[in-house]
Amino acid sequence: MNYKQIVTAFFLVFSLLSCSKDDGNTPVPLNALATPFASTASNVTNTSFQANWVLVPGAESYLIDVSTDNSFSTFVTGYDALSNSGSTVAISGLSPAMAYYYRIRAKRGVEVSNNSNVITVKTTGVAAEDPTFLKVKANALANPFFVGVAVKAQQLNTGSAYDVVLKNEFSSITAEYEMKMDPISTGSGTYNWVAADKIVKYGNDNGINVHAHVLVWHNAVPNWLKDFSGTDAEFALEVKKYITAVVTHFAGKVKSWDVVNEAVDDNGNMRNTVFLTKMGPNYIKDCYQWARDAANAAGDTNLLLFYNDYATSTNINKQNKVFAIVDDLKASNLIDGLGFQMHNTYLSPAKTQMEADINRAVAKGLKIHVSELDIQVNQNNDITTFTNERKLAQKDKYKEIVKIYNALPAANKYALTVWGFKDNESWIPYSTDLNHPGNDWPLLYDNNFEIKSAHTGFLEGLD
Ligand code: G3I
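As the structure is a computational prediction, the values presented were derived from the model and not from experiment. (Residues numbered from 1 in each chain as written. Predicted model: local features only at pLDDT ≥ 70, side-chain atom pairs only at ≥ 80, totals over all residues. Heavy atoms only, no water.)

Lining the immediate surroundings of the ligand are 13 residues, of which Lys152, Glu176, Lys180, His213 and Glu372 lie closest. Within the contact set of the ligand, an oxygen atom lies 2.5 Å away from a side-chain nitrogen or oxygen of Lys180. Here an oxygen atom of the ligand sits 2.9 Å away from a polar atom, N or O, in the side chain of Trp419. Burial of the ligand by the protein chains amounts to 55% of its free accessible area of 780 Å². (Near = heavy atom within 4 Å. Polar contact = N/O pair within 3.5 Å; in protein donor to acceptor, adjacent residues only side chain to side chain. Areas by Shrake-Rupley, 256 points an atom, 1.4 Å probe, with all protein chains shown as cover.)

In C-alpha cells form, the structure reads like this:
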C-alpha cells in the first residue's frame, strides 16, 4: 500500500471507531444529544405549575421555554430558555385561568438539542373580568343575556380546559345529549340521573344558568319505549310519567326546558313521530301541560317552557306551522319561549330571513333562545382546509346573528347558545341526519382551544 492509501485507511478506521452505531448500523456522531420528552405539568394552581420532562443521557442541563401561545412567538418573562439541571422546574407568577405552553431542550457544553414536544396547561381559578371573554362583554350590555354553550358531563371536571373556558366565557349551559330521554329513561319509572345531575350541579355550583334540553324528541326515544307493547293510552301515560318525574327532579335547578323538539317536518306538517302516532295531534299540548303541572306542583312556578326547532328562517311552511303550534300553546299559557337552533352556514340564512323569523316570536311576547348556533363553512365540501376567506365569512356571520340577537328588546332576550366548544367536537361531520359531505370548522374554538375569528365576530356582535 502506498502512503496515500495508508493515510486514507487510517482516517477510515479512525472515523469508524469514533462513531457509535445505531440499530440501523448507520454510524451516527458519538455525542448526538437526544431530544427531550416533555411530560404533563403537575401542581397546577391559579398562578403556577410544575413543568416536567424526561432526562436525556449526556445532558448537563436543560433550557425551558414558557409561552402563552403554542408557536412561542413570545415568552413569559423569565422563561425564555431558562436553564435548569433537573427534570422538573416550578413556573410561577402566572395569571389565573390562562393557557400556557412549555417545551424543553437538552444542553451539553455548547451543544443544544432540538425542542421537545409542547405541553399545554391551563392555570386554574377565574380570570379577571376580561372584556374579551364573551359573557363578560354580554353582561356589560345595557340589556344583557346569557351566552351559552352545549356541554357533556365528562368536560366538567374542575381544572379541565373546558371548565376554565366555561367559567371565563359562558353564563349558560345546555346538555348536548345527556338530559334527553334516551340516556335518562332506563325503563318505565326508572331513571339514570348521573350525567344529568353532574351537568346541573355544575351549573348550580358555579352560578351558570342551565337550559334543560329536551323532554320529548323523536331522535331520543329509549329503546324500551320504542318497543313499547302497551296500548296507546298506556304509552301516553309513560310519557306523562317521564315528563312529570324529570321536571320534578330538576325543579328549582334549571331555568328552562325544551319540552318538545322538532315536531314539525321539513314540509311544514306535524312530523310523523311515535308521539304523534300513539298520542294523536294533541300530544304537544299534553306534554306542555304535564311539564307545567309538574313544575307548579314542585313550586317551580318560574320555569320557562320552550319549543325548539331548526331551519324556520329559510323554510316558510315550517315557520308557519311552528307559529301555529306556538299560538295554540300560548292560548293556554303553556309556552314561554321559542328556540331557534340556527345550525347555519356562512351563506345562509340571510340576515333579513333570521330577523323576520325571530321578530314573529318577539311579536308574541316570547323569550328568544338562539339555542344551537354553529356556522358551517364547508357544507358543499368545496374546501379541504379552513381557508382565510371562509374564516372571515364565518366571522361576519357570527357577528351578524349576535347583532340581531343583541338588538332584541330586553323582555325577549334569554340566551344565545353555541353548540359546542371546539371544531373537532362538533356533531356536524358525524351526523347521519345532516349527511355533511366532509370536514367542517363550525365553532368558536379550534382543535387546540385557541379562539378563532368566529369568536372575534361574536365579540364584535356585542358592540
Ligand atoms: O359519549 C358517548 C360514548 O361514550 C358512547 O360510547 C357512544 C355510543 O353510544 O355514545 C356517545 O354519546 C353520543 C353523543 O352524541 C356524543 O356527543 C350519543 O350516542 C349520541 O346520541 C349523541 O348525539 C347527539 C345528538 O343530538 C343525539 O342526542 C349529538 O351529540 C348532539 O349534538 C345532537 O344535538 C341535536 C340537538 O339535541 C337537537 N337539534 C339537532 C342537534 C344535532 O343533531
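Domain parsing of the protein yields domain 1 (37–122) and domain 2 (134–461). The centre of domain 1, based on its C-alpha atoms, is set 41 Å off from the matching centre of domain 2. Taken residue by residue, the interface counts four residues in domain 1 and six residues in domain 2. Interface area for domain 1 against domain 2, summed over the two sides, is near 440 Å², with a carbon-plus-sulfur share of 51%. Put simply, domain 1 and domain 2 have zero salt bridges between them. The tally of links from domain 1 across to domain 2 stands at two residue pairs in polar contact (both at pLDDT 80 or more). Here the side of domain 1 that touches domain 2 is built from residues that sort into two nonpolar, one polar and one charged. (Domains from an automatic or database assignment. Contact = heavy atoms within 4.5 Å. Buried area = accessible area lost by both parts, 1.4 Å probe. Salt bridge = Lys/Arg side-chain N within 4 Å of Asp/Glu carboxyl O. Nonpolar A, V, L, I, M, F, W, Y, C, P; charged D, E, K, R; others polar.)

In space, the three strands of this open sheet follow the order E3-E4-E7, with antiparallel pairing throughout. Edge positions in the open sheet fall to strand E3 (37–42) and strand E7 (88–91), since each of these has one partner strand only. Recorded for the sheet is a direction-independent mean angle of 25° between the axes of neighbouring strands. The sheet contact formed by E3 and strand E4 (residues 49–54) spans four bridges and is antiparallel. Residue pairing in the sheet places Ser39 in a bridge with Asn52 of E4. (Pairing = 2+ DSSP bridges. Helix = DSSP H or I, 4+ residues; strand = E, 2+ residues; numbered from the N terminus. Axes fitted to C-alpha atoms, helices over the stretch in contact; angles between N-to-C directions.)

For the coordinates displayed, the defined rule picks out 21 aromatic pairs. Considering the side-chain rings of Phe170 and Phe421, the 6.0 Å spacing of their centres and the 85° angle between planes classify their relative orientation as edge-to-face. Placement of the pair is Phe170 in the loop between helix H3 (161–169) and strand E12 (172–175) and Phe421 in the loop between strand E21 (413–418) and helix H13 (453–461), with a sequence separation of 251 residues. Look at Phe170 and you get buried, because its relative accessible area is 1%. Overall, the relative accessible area of 1% leaves Phe421 in the buried class. Considering the side-chain rings of Phe228 and Phe235, the 6.1 Å spacing of their centres and the 65° angle between planes classify their relative orientation as edge-to-face. Taken together, the ring pairs connect Tyr162, Phe170, Phe421, Tyr445 and Phe449 into an aromatic cluster. (Phe/Tyr/Trp six-rings, centres within 6.5 Å; stacked < 30°, edge-to-face > 60°. Buried < 20%, exposed > 50% of the residue type's maximum accessible area, 1.4 Å probe, protein only.)

What follows covers helix H5 (residues 194–205). With 12 residues, H5 ought to run about 16 Å at 1.5 Å a step, and its terminal C-alpha atoms sit 16 Å apart, in line with that. Of all the residues in H5, the buried ones are Ala196, Ile199, Val200, Tyr202 and Gly203. Considered in projection along H5, the buried side chains sweep an arc of 150° and stay on one side of the axis. For H5, the exposed residues lying more than 90 degrees away from the buried face are Val194, Lys201 and Asp205. Next to the buried residues of H5 lie strand E11 (146–151), H3, E12, helix H4 (181–184) and strand E15 (209–217). Positive phi appears at Gly207, one or two residues downstream of H5, with a value of about 65°. (Expected span 1.5 Å × (residues − 1). Arc of directions from axis to C-beta.)

On to the confidence of the model for the protein. Mean pLDDT for the protein: 92, with 93% of residues reaching 70 or above. Confidence over residues 13–24 falls short of pLDDT 50; this stretch has 10 contacts with residues more than four positions distant or in other chains. (pLDDT = per-residue confidence, 0-100.)

On to the packing of helix H7 (residues 232–249) against helix H9 (residues 283–297), then. One way to put it is that H7 packs onto H9 with a least axis distance of 8 Å and a crossing angle of 35°. The interaxial crossing formed by H7 with H9 has right-handed handedness. Along its contact with H7, which presents Ala236, Val239, Lys240, Ile243, Thr244, Val247 and Thr248, the element H9 presents Cys287, Trp290, Ala291, Ala294 and Ala295. Of the residues belonging to the contact of H7 with H9, the class tally is nine nonpolar, two polar and one charged. (Left-handed = near helix turned anticlockwise from the far one by under 90°.)

Generally, phi is negative for residues other than glycine and the peptide bonds are trans, each holding for most cases. With omega at 5°, the peptide bond leading from His213 into Val214 counts as cis. Looking at where Val214 falls in the secondary structure, it is placed in strand E15. The linkage connecting Ser348 with the following residue, Pro349, adopts the cis geometry, with an omega of 0°. Mapping Pro349 onto the fold places it in the loop between strand E19 (343–345) and helix H11 (351–363). Although it is not a glycine, Asn43 sits at a positive phi angle of roughly 50°. Relative accessible area serves as the criterion here: at 55%, Asn43 is assigned to the exposed category. The phi dihedral of Ala97 falls on the positive side, at around 55°, and the residue is not glycine. Secondary-structure assignment places Ala97 in the loop between E7 and strand E8 (99–108).

This part takes up empty space enclosed by the protein. Inspection of the entire model under this criterion finds three cavities of 30 Å³ or more. In this model, the largest cavity occupies a volume close to 50 Å³. Residue lining of the largest cavity: Met181, Ser185, Gly187, Ser188, Gly189, Tyr191, Trp224, Leu225, Glu238, Lys241 and Tyr242, and that is the complete set. Looking at the lining of the largest cavity, the elements with two or more residues in it are strand E13 (185–187), helix H6 (223–226) and H7. (1 Å grid on protein atoms, 1.4 Å probe; cavity = no way out; pocket = protein on both sides within 12 Å on 5 of 7 lines; lining within 4 Å. Points joined across faces, edges and corners; volume = space filled by probe spheres on them.)

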